Amino acid sequence: MRFVLEVNFDTENMQLKPMEELQRILGDWSQRVAMYPLEPGSQEDVYDSQNEEVGEWAILDD
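Residues numbered from 1 in each chain as written. Predicted model: local features only at pLDDT ≥ 70, side-chain atom pairs only at ≥ 80, totals over all residues. Heavy atoms only, no water.

Caption draft 1: Structural context of the nonpolar core. Formed by V7, M14, I25, W29, V46, V54, W57 and I59, the largest nonpolar core amounts to eight residues. Contributing elements (two or more residues each) for this core: α2 (18-32) and β3 (53-60). The element contributing the most residues to this core is β3, with three residues. (Core = buried A, V, L, I, M, F, W, Y, C linked by side-chain atoms within 4.5 Å. Buried < 20%, exposed > 50% of the residue type's maximum accessible area, 1.4 Å probe, protein only. Helix = DSSP H or I, 4+ residues; strand = E, 2+ residues; numbered from the N terminus.)

Now the structure itself:
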């Protein structure tokens, strides 16, 4: 089992403030990690501060 976080830096907001946006995404995810079972198949889209979808995280079965 492995955890994968994919973030696309193509949006305008991600290009303007990449470090701030990535920190916010990681902070948001860490706040909500307890809401999801840590098992393969768990996943969620991730969004920048302008609420644009910029990627996803997932728990994958190896």
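Having seen the structure, we can now continue with the description.
Caption draft 2: Quick look at the environment of L5. Tracing the chain through its elements places L5 in strand β1 (residues 2-7). Looking at L5, the relative accessible area reads 29%, which means it is partly exposed. Each C-alpha atom of the pair L5 and Q43 lies 9.5 Å from the other, and the pair is 38 residues apart in sequence. Leave out the neighbours within four places in its chain, and L5 touches L26, V46, E56 and W57. (Contact = heavy atoms within 4.5 Å.)

Caption draft 3: Spatial organisation of the pattern of salt bridges. The tally for this structure, following the rule as stated, stands at four salt bridges. Across the pair D62 and R2 runs a salt bridge whose closest N-O atoms are separated by 2.7 Å. Of this pair, D62 sits in the segment after β3 while R2 sits in strand β1, and the two are 60 residues apart along the sequence. The class of D62 is exposed, set by a relative accessible area of 66%. A relative accessible area of 45% means that R2 is categorised as partly exposed. Note that R24 and E21 form a salt bridge whose closest N and O atoms lie 3.7 Å from each other. Highlighted residues: R24 and E21, both in helix α2, separated by three residues, approximately one helical turn. (Salt bridge = Lys/Arg side-chain N within 4 Å of Asp/Glu carboxyl O.)

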